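Listed here are the chains, written in short residue letters.
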Amino acid sequence: QVQLVESGGGLVQAGGSLRLSCAASGRTFSMYAVGWFRRAPGKERDFVAAISRSGTSTNYADSVKGRFTISRDNAKNTAYLQMNGLNPEDTAVYYCAAHNLIDTPYYRASRLYPYWGQGTQVTVSS
């Protein structure tokens, strides 16, 4: 199995940017599709973005499309979430997750991802 550790969260003003990282260890990272999810206070955990094993295919939630970019570097065993144009509604704990069911970025249901990191807090002030 793969172990995931997120980093890069923090406090940023509205309109600012952050880049989250998801470092993987254990099994071969390139065997896993990766997703980013977030849980805002008092809300369910929501899909944000996902990327295929090779990084050639991506998928985004409508709420972040055009502002967030998911990428990965399999040589570094790391996935990224570049977040631009942040607004207070983006405040949440962000989690990376991985699955090796099939090579697709189109799994949006969190239950399909068996491997999760511990999360990193992103807070956007107005």
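## So, the sheet that holds strand 3 (residues 18-26)
Point 1. One open sheet accounts for four strands, arranged 1-3-8-7; its pairing is antiparallel. Each edge of the open sheet carries a strand with a single partner, namely strand 1 (2-7) and strand 7 (68-73). Shown here is a sheet whose adjacent strand axes are inclined to one another by a mean of 20°, direction ignored.
Point 2. Relative to strand 3, strand 1 runs antiparallel, the two sharing six bridges. Looking across to strand 3, one finds that Leu4 is bridged to Ala24.

## Quick word on the side chain of Thr104
Point 1. Here Thr104 shows up in the loop between strand 9 (92-99) and strand 10 (115-116).
Point 2. According to the relative accessible area criterion, Thr104 is buried, its value standing at 10%.
Point 3. Of the polar contacts made by the side chain of Thr104, one reaches the backbone nitrogen of Tyr106; its length is 2.9 Å.
Point 4. Non-local contacts of Thr104, meaning those with residues more than four positions away in its chain, are made with Ala33 and His99.

## A short note on the nonpolar core
Point 1. Leu4, Trp36, Val48, Phe68, Leu81, Met83 and Tyr94 are the most contacted members of the largest nonpolar core, which has 36 residues in total.
Point 2. Looking at this core, the elements that each hand over two or more residues are strand 1, strand 3, strand 4 (33-39), strand 5 (45-51), strand 7, strand 8 (78-83), strand 9 and strand 11 (120-125).
Point 3. Those residues in contact with Leu81, other than ones at most four positions away along the chain, are Leu18, Arg19, Leu20, Trp36, Val48, Ala49, Phe68, Thr69, Ile70 and Tyr94.

## A word on the packing of aromatic side chains
Point 1. Applying the stated criterion to the full structure yields six aromatic pairs.
Point 2. Ring plane angle 75° and centroid distance 5.1 Å describe the contact between Phe37 and Tyr113, whose orientation is recorded as edge-to-face. Placement of Phe37 in strand 4 and of Tyr113 in the loop between strand 9 and strand 10 is noted, with a sequence separation of 76 residues between them.
Point 3. When its relative accessible area of 1% is taken as the criterion, Phe37 is described as buried.
Point 4. Classification of Tyr113 as buried rests on a relative accessible area of 3%.
Point 5. Feature note: the residues Phe37, Phe47, Tyr95, Tyr113 and Trp116 constitute an aromatic cluster, connected by ring pairs.

Each value, and the rule that gives it
Residues numbered from 1 in each chain as written. Predicted model: local features only at pLDDT ≥ 70, side-chain atom pairs only at ≥ 80, totals over all residues. Heavy atoms only, no water. Pairing = 2+ DSSP bridges. Helix = DSSP H or I, 4+ residues; strand = E, 2+ residues; numbered from the N terminus. Axes fitted to C-alpha atoms, helices over the stretch in contact; angles between N-to-C directions. Buried < 20%, exposed > 50% of the residue type's maximum accessible area, 1.4 Å probe, protein only. Polar contact = N/O pair within 3.5 Å; in protein donor to acceptor, adjacent residues only side chain to side chain. Contact = heavy atoms within 4.5 Å. Core = buried A, V, L, I, M, F, W, Y, C linked by side-chain atoms within 4.5 Å. Phe/Tyr/Trp six-rings, centres within 6.5 Å; stacked < 30°, edge-to-face > 60°.

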